[in-house]
Amino acid sequence: MTKPYQIPKALVWEAYKRVKANGGAAGVDKESIEVFEGKLGDNLYKLWNRLCSGSYFPPPVKGVPIPKKSGGVRMLGVPTVADRVAQTVVKLVLEPVLEPLFHCNSYGYRPGRSALDAVALVRQRSWEYNWVVEYDIKGLFDNIDHELLLRALRKHCQTPWVLLYVDRWLKAPMEGEDGKLVERTRGTPQGGVVSPLLANLFLHYALDVWITRNMRSVRICRYADDGVIHCKSEEQAKLVMRKVKERLRDCKLEMHPEKSRIVYCRDINRPNEYPVTQFTFLGYCFRPRKAVDKYGRVYVNFAPAVSREALKAMRQMVRGWHIQLKCDKSLEDLSSMFNPVLRGWMNYYGRFYGSALKPLWRQVNAYLARWLMRKYRHLARHCTRAYHELSRLAVKSPGLFVHWGSGVIL
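Points about the sheet that holds strand β7 (residues 226-231)
At step 1: Ordered in space as β6-β7-β3-β8, the four strands form an open sheet in which the pairing is antiparallel. Each of the sheet's edge strands pairs with one partner strand only, and the pair in question is β6 (219-223) and β8 (261-264). For this sheet, the mean inter-axis angle between neighbouring strands, taken without regard to orientation, is 20°.
At step 2: Pairing of β6 with β7 involves five bridges; the strand directions are antiparallel. Directly across from Arg 222, in β7, lies its bridge partner Gly 227.
At step 3: Helix α5 (residues 115-128) contacts β6 and β7 of the sheet and is inclined by roughly 155° relative to β6.
At step 4: The sheet contacts of helix α10 (residues 234-250) involve β3 (131-136), β7 and β8, and relative to β3 the element is tilted by about 15°.

Quick notes on the sheet that holds strand β9 (residues 279-281)
Two pairing modes exist for strands in a sheet, parallel and antiparallel, and in both the strands are linked by backbone hydrogen bonds.
At step 1: In spatial order, the strands read β9-β10-β11; together these three strands make up an open sheet with antiparallel pairing. The strands lining the two open edges of the sheet, one partner per strand, are β9 and β11 (298-306). Averaged over neighbouring strand pairs, the angle between their axes works out to 50° when direction is ignored.
At step 2: Pairing geometry for β9 and strand β10 (residues 284-292), over three bridges, is antiparallel. Paired with Phe 279 across the bridge in β10 is Phe 286.
At step 3: The strands that α5 touches are β9, β10 and β11; relative to β10, the one it contacts most, it runs at about 55°.

Things to note about the state of the cysteines
By definition, a disulfide links the sulfur atoms of two cysteines through a covalent bond.
At step 1: This structure, assessed with the given rule, holds zero disulfides.
At step 2: Between Cys 327, a free cysteine, and Cys 383, which holds the nearest cysteine sulfur, the sulfur-to-sulfur gap is 15 Å.
At step 3: We classify Cys 327 as partly exposed; its relative accessible area is 26%.

Some points on helix α4 (residues 81-98)
At step 1: An ideal rise of 1.5 Å per residue puts 26 Å on 18 residues; α4 measures up with 25 Å between its terminal C-alpha atoms.
At step 2: At Leu 92, α4 is bent by approximately 30°, the largest bend along its length, and proline Pro 96 sits one to four residues beyond.
At step 3: For α4, the tally of buried residues reaches 13 of 18 residues, placing the bulk of the element in the interior.

A word on the packing of aromatic side chains
At step 1: Summed over all chains, the structure comprises 18 aromatic pairs.
At step 2: Residues Tyr 165 and Trp 169 carry aromatic rings whose centres are separated by 6.3 Å and whose planes lie at 50° to one another, so their mutual orientation is tilted. With Tyr 165 and Trp 169 both in helix α8 (residues 160-171) and four residues apart, this pair spans about one turn of that helix. Considered together, Tyr 165 and Trp 169 belong to a single accessibility category, that of buried residues.

A word on the pattern of salt bridges
At step 1: Enumeration according to the criterion identifies 13 salt bridges in this entry.
At step 2: Measuring nitrogen to oxygen at the nearest pair gives 3.3 Å for the salt bridge that ties Asp 145 to Lys 252. Within this pair, whereas Asp 145 is found in the loop between α6 (140-143) and α7 (146-156), its partner Lys 252 is found in the loop between α10 and β8, the two being separated by 107 residues in sequence.
At step 3: With its nearest N and O atoms 3.3 Å apart, the salt bridge here joins Lys 171 to Asp 167. On the criterion of helical spacing, the pair formed by Lys 171 and Asp 167 is a turn pair, its members being four residues apart in helix α8.
At step 4: For Lys 171, a relative accessible area of 47% translates into the label partly exposed.
At step 5: With relative accessibility at 23%, the residue Asp 167 sits in the partly exposed group.

Some thoughts on the confidence of the model for the protein chain
At step 1: Considering every residue of the protein chain, the mean pLDDT works out to 93; 98% of them sit at 70 or more.
At step 2: Within the protein chain, the lowest mean pLDDT, 84, falls on strand β2 (residues 73-78), and the highest, 97, falls on α4.

With respect to the nonpolar core
At step 1: Ile 7, Leu 94, Val 166, Ile 211, Ile 229 and Val 244 are the most contacted members of the largest nonpolar core, which totals 70 residues.
At step 2: The element contributing the most residues to this core is helix α9 (residues 195-214), with ten residues.
At step 3: Among residues more than four places away in sequence, those in contact with Ile 211 are Arg 216, Val 218, Ile 220, Ile 229 and Val 244.
At step 4: Listed in part, the 53 residues of the second largest apolar core include Ala 224, Cys 265, Phe 279 and Val 318.

Observations regarding unusual backbone geometry
At step 1: One non-glycine residue with positive phi stands out, namely Lys 30, at about 60°.
At step 2: With respect to the element layout, Lys 30 can be found in the loop between α1 (9-22) and α2 (33-38).
At step 3: In this model, Tyr 109 sits at a positive phi of 55°, which is unusual for a non-glycine residue.
At step 4: Mapped onto the elements, Tyr 109 comes out in the loop between α4 and α5.

Section: helix α12 (residues 331-349)
At step 1: The largest bend along α12 reaches roughly 45° and is located at Phe 338, with the proline Pro 340 sitting one to four residues downstream.
At step 2: The complete set of buried residues in α12 reads Leu 331, Leu 334, Ser 335, Phe 338, Asn 339, Leu 342, Trp 345, Met 346, Tyr 348 and Tyr 349.
At step 3: Those residues of α12 hidden inside the fold are in contact with α5, β10, β11, α11 (308-321), α13 (358-375) and α14 (383-396).

Re the environment of Val 93
At step 1: Position of Val 93 relative to the elements: it lies in helix α4.
At step 2: The class for Val 93 is partly exposed, based on a relative accessible area of 26%.
At step 3: Taking the C-alpha atoms as reference points, Val 93 and Val 162, 69 residues apart in sequence, are found 8.2 Å from one another.
At step 4: Not counting the four nearest positions on each side in its chain, Val 93 is found in contact with Leu 11, Trp 161 and Val 162.

Definitions and cut-offs
- Residues numbered from 1 in each chain as written.
- Predicted model: local features only at pLDDT ≥ 70, side-chain atom pairs only at ≥ 80, totals over all residues.
- Heavy atoms only, no water.
- Pairing = 2+ DSSP bridges.
- Helix = DSSP H or I, 4+ residues; strand = E, 2+ residues; numbered from the N terminus.
- Axes fitted to C-alpha atoms, helices over the stretch in contact; angles between N-to-C directions.
- Contact = heavy atoms within 4.5 Å.
- Disulfide = S-S within 2.5 Å.
- Buried < 20%, exposed > 50% of the residue type's maximum accessible area, 1.4 Å probe, protein only.
- Expected span 1.5 Å × (residues − 1).
- Bend = angle between axes of the 7 residues up to and from the residue.
- Phe/Tyr/Trp six-rings, centres within 6.5 Å; stacked < 30°, edge-to-face > 60°.
- Salt bridge = Lys/Arg side-chain N within 4 Å of Asp/Glu carboxyl O.
- pLDDT = per-residue confidence, 0-100.
- Core = buried A, V, L, I, M, F, W, Y, C linked by side-chain atoms within 4.5 Å.

Have a look at this one:
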């Protein structure tokens, strides 16, 4: 019997391999990836058969509250393992179609592009443009209009089964912690495999294309729902702020009133006074900072460095590791446990103005010194001696901890 939709089995297998590589928690059926693999052949065949016949209906997504740094919670929608495979099948078909359309200055959730690429672009433009409109979209994933999104999708994709299943995913209910199902009439669950791609498509038309056509002299840089628009003057920035608010409202979205503002990029060549001279983008705080030129002269530069909020979160995590209490571990054990995390922070937040991370590295060293004092009797109650021993170890094995290689000890 011929099935209405021809979906290659190899596509489902490739989707499964990607889901396995990404890991993730179980959905509403409480089936983990390991349990799914117990009957892998049967599960993948059943999924392929239902996708091809048009009889696949996604189960509810599991609602998981995630605390926000700014307070409150964000609801993460976790699909089942089988549904993640199905969504990945659609993503593998849809992404090559949509990716070439997207704006060159859109960086979020796109292959070959990173948050650091966006930070580098914003840094360069902050030297070229005097003013910035920092904007944030309130509850993007919860408020995307289904009809507007599907209209944009139909413009570029005519594959019937892709359109069918995207429509079903948008309408799939969310199961709360109390087990009750919440129907969805708008939004796409944050946590779904295909949701970031759909959100990028929506904002491509809601913002990227619209700004490029209607405000040609400004420059936008966007990472998902977070972005900045560089302007030439304060008057232009005020106009952009007003127009973008109106545009988002027309697209049934809202600009976050507390996270959106006009900022003046003050530096040595732009000394004018303005009450707001800093903004935060992707964990980096852009503001006037002390810099030194190649001749040793000190000047003021508008530059990014790790934000106070990001630094605070990292230091709280380090505190929660309780390094000083792990006296049963060797230094190599501590390195294996924590250095991968420290390296990730160094690679991301150390890219620009890395000296701003020194308080973090000093905190890590302080805990390591306290660990030495607890572990070795001859160092007990001898803080200075413990730091000297730590310095000796850092010189002997600079690769044990990522910041030791950069010479941060005291």
